[in-house]
Amino acid sequence: MRYVVSLTIVLIALWLAVSGVYKPLLFVLGAGSVALVVWLSLRMEVVGVEHNPVLYSWRLPLYWAWLVGEVVKTNFHVAMLALTPSRIRPHIIDVPVPHRHAVAKVTYANSCTLTPGTVALHLTPETLTVHALDDRSADDLKTGAMAQRIAWLEGSERVDAQ
Amino acid sequence: MAETVINVLSAIFLLAGGAFGILGGLGLLRFPDFYSRLHAAGVTETLCAVLIVLGLVLQSGFSLLTIKLLLILLFLLFTAPTATHALARAAMVDEVEPEVIAKQSSENRPAPGEPSSNI
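It should be emphasised that the depicted structure is a prediction, and the values quoted were computed from it without experimental measurement.

Cut-offs used in this document
Residues numbered from 1 in each chain as written. Chains lettered and ligands numbered in written order. Predicted model: local features only at pLDDT ≥ 70, side-chain atom pairs only at ≥ 80, totals over all residues. Core = buried A, V, L, I, M, F, W, Y, C linked by C-beta atoms within 7 Å. Buried ≥ 20, exposed ≤ 12 C-beta atoms within 10 Å, placed from the backbone. Helix = DSSP H or I, 4+ residues; strand = E, 2+ residues; numbered from the N terminus. Contact = placed C-beta atoms within 7 Å. Nonpolar A, V, L, I, M, F, W, Y, C, P; charged D, E, K, R; others polar. Domains from an automatic or database assignment. pLDDT = per-residue confidence, 0-100. Axes fitted to C-alpha atoms, helices over the stretch in contact; angles between N-to-C directions. Parallel < 35°, antiparallel > 145°, perpendicular 65-115°, else oblique. Left-handed = near helix turned anticlockwise from the far one by under 90°. Pairing = 2+ DSSP bridges. Expected span 1.5 Å × (residues − 1).

J.: Please explain the nonpolar core as it appears in this structure.
T.: For soluble globular proteins, the rule of thumb is that nonpolar side chains tend to be buried together. Ranked by internal contacts, the top residues of the largest apolar core, which has 52 residues, are Tyr108(A), Cys112(A), Ala120(A), Leu128(A), Val130(A), Val43(B) and Leu51(B). It is helix H2 (residues 34–60) of chain B that provides the largest number of residues to this core, a total of 14 residues. Filtering out sequence-adjacent residues up to four positions away, Tyr108(A) remains in contact with Val97(A), His99(A), Leu128(A), Met146(A), Ala147(A) and Ile150(A).

So, in structure tokens, the structure goes:
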């Protein structure tokens, strides 16, 4: 029930933010759409299934801020490599995935793909196989800085990152 | 005065975004194989998109339009890596061999013919 209420509130907020036209008819249509989506979600049995503290933690904005910094840094690096393509040394590496929750593991793989220079090829519960564009991109991942940030996001105190 | 500053900032963001778009396209053309080209595409779908949306946010002022632009950015940043990963995995399943310097792992790679999402 908690998840139904929170989903409804989020959908109403989204509708109000995106609509911008506040007339009685549109309110009714908006309420109808929200009700329809909530009903469909209930029928699909997806309400609360993907729920995880990771998704709603106050740590998430801080993690995003750090991730944007990383994305900017690696973008400059890959842009430099685009100008001098002879310097790339593509290779494939495995890194350990020290997280407990599925959402955290997927966040790790997605964050890794989001930073140019590393693309997640394959994710198993224990390891992440990554295609790295050059040594620097691979080293960024091998240090485990990103894995530790996500472990912090997940809320666990310590992980044995490599 | 404030308007001029905002316009100049916005122009800088938009131009920088465009420049990264061009660099990404250049990488797409110049990198040797499929997998390294994914990294070049990563430049256009991250920093290029972020800079262009920020430039547009400055143009739109603070309004509902800002929220819409930021939502576009949010969805883009969630879907782009997913699409990249799906492409990479589809290529591996189809046995597109990456040109690599050193191969450290082979046992974790999806076998040919394996469905592209099985976790």
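J.: Which parts of the structure should I look at to understand the interface of chain B and chain A?
T.: Much of the literature gives interface size as the accessible area that the parts lose upon coming together. Facing the 39 residues of chain B at the interface are 34 residues of chain A. The set of elements that each furnish at least two residues to the side of chain B that touches chain A consists of helix H1 (2–30), H2 and helix H3 (64–93) of chain B. Broken down by element, the side of chain B that touches chain A gets its largest block of residues, 12 residues, from H3(B). For the side of chain B that touches chain A, the class distribution of residues is 22 nonpolar, 11 polar and six charged.

J.: Help me understand the domain arrangement of chain A in this model?
T.: Each domain of chain A was delimited in the assignment, giving domain 1 (2–44) and domain 2 (54–154). Using only C-alpha atoms to locate each centre, domain 1 of chain A and domain 2 of chain A end up separated by 35 Å.

J.: Help me understand the confidence of the model for chain A in this model?
T.: Regions with low pLDDT should not have their predicted coordinates read in detail. Residues and elements named next belong to chain A. In this model, chain A carries a mean pLDDT of 84, and residues with pLDDT of at least 70 account for 91%. Looking at the elements of chain A, mean pLDDT is at its lowest for helix H3 (residues 53–56), recorded as 55, and at its highest for helix H2 (residues 24–44), recorded as 92. Every residue in residues 157–162 scores below 50 in pLDDT, and together they form 12 contacts with partners more than four places removed in sequence or on other chains.

J.: What is the right way to look at the packing of helix H4 (residues 59–83) of chain A against helix H7 (residues 145–154) of chain A in this model?
T.: Packed helices, taken two at a time, are described by the angle their axes make and the gap between the axes. All names here are of chain A. Packing of H4 against H7 brings their axes to within 9 Å, and their N-to-C directions diverge by 165°. Classed by the angle they form, the pair H4 and H7 counts as roughly antiparallel. The chirality of how H4 crosses H7 is left-handed. Note on element contacts: H7 touches H4 through Arg-149, Trp-152 and Leu-153, opposite Arg-59, Leu-60, Tyr-63 and Trp-66.

J.: Help me understand the environment of Ala151(A) in this model?
T.: Residue and element names in this part refer to chain A. Position of Ala-151 relative to the elements: it lies in helix H7. Overall, the presence of 21 C-beta atoms within 10 Å leaves Ala-151 in the buried class. For the pair Ala-151 and Gly-117, spaced 34 residues apart in sequence, the C-alpha separation works out to 22 Å.

J.: Would you mind going over unusual backbone geometry with me for this structure?
T.: Excluding glycine, most residues fall at negative phi; most peptide bonds, likewise, are trans. All names here are of chain B. Located in the positive-phi region is Glu-95, a residue other than glycine, with phi close to 60°. Structurally, Glu-95 can be placed in the segment after H3. Residue class for Glu-95 comes out exposed when judged on the 9 C-beta atoms lying within 10 Å of it.

J.: Looking at this structure, how should I read the sheet that holds strand S2 (residues 118–123) of chain A?
T.: Within a beta sheet, neighbouring strands are joined by backbone hydrogen bonds and run either parallel or antiparallel to one another. Residue and element names in this part refer to chain A. Strand order in this open sheet of three strands is S1-S3-S2, and the pairing throughout is antiparallel. Taken across any chain shown, the strands that pair with only one partner, and hence form the sheet edges, are strand S1 (91–96) and S2. Mean inter-strand twist for the sheet, computed between neighbouring axes without regard to direction, equals 30°. Summarising the sheet, S1 and strand S3 (residues 127–132) pair through six bridges and their orientation is antiparallel. Among the inter-strand pairings, Ile-93 is bridged to a residue of S3, identified as Val-130. Across the sheet, helix H5 (residues 102–114) lies against S2 and S3, angled at about 145° from S2, the strand it touches most.

J.: Explanation requested: the confidence of the model for chain B in the structure shown.
T.: Residues and elements named next belong to chain B. Of the residues in chain B, 85% have a pLDDT of 70 or more, and the chain-wide mean is 84. Within chain B, the element-level pLDDT minimum falls on H3, averaging 90, and the maximum on H1, averaging 92. If you check the scores for this complex, the pTM reads 0.80 and the ipTM reads 0.79.

J.: Sorry if this is basic, but what is going on with H5(A) here?
T.: Quick reminder: α-helices carry 3.6 residues per turn. Residues three or four places apart thus point the same way. Given a rise of 1.5 Å per residue, 13 residues ought to cover 18 Å, and the 18 Å separating the end C-alpha atoms of H5(A) matches this to within 8%. Along H5(A), the residues that are buried comprise Ala104(A), Lys105(A), Thr107(A), Tyr108(A), Ala109(A), Ser111(A), Cys112(A), Thr113(A) and Leu114(A).

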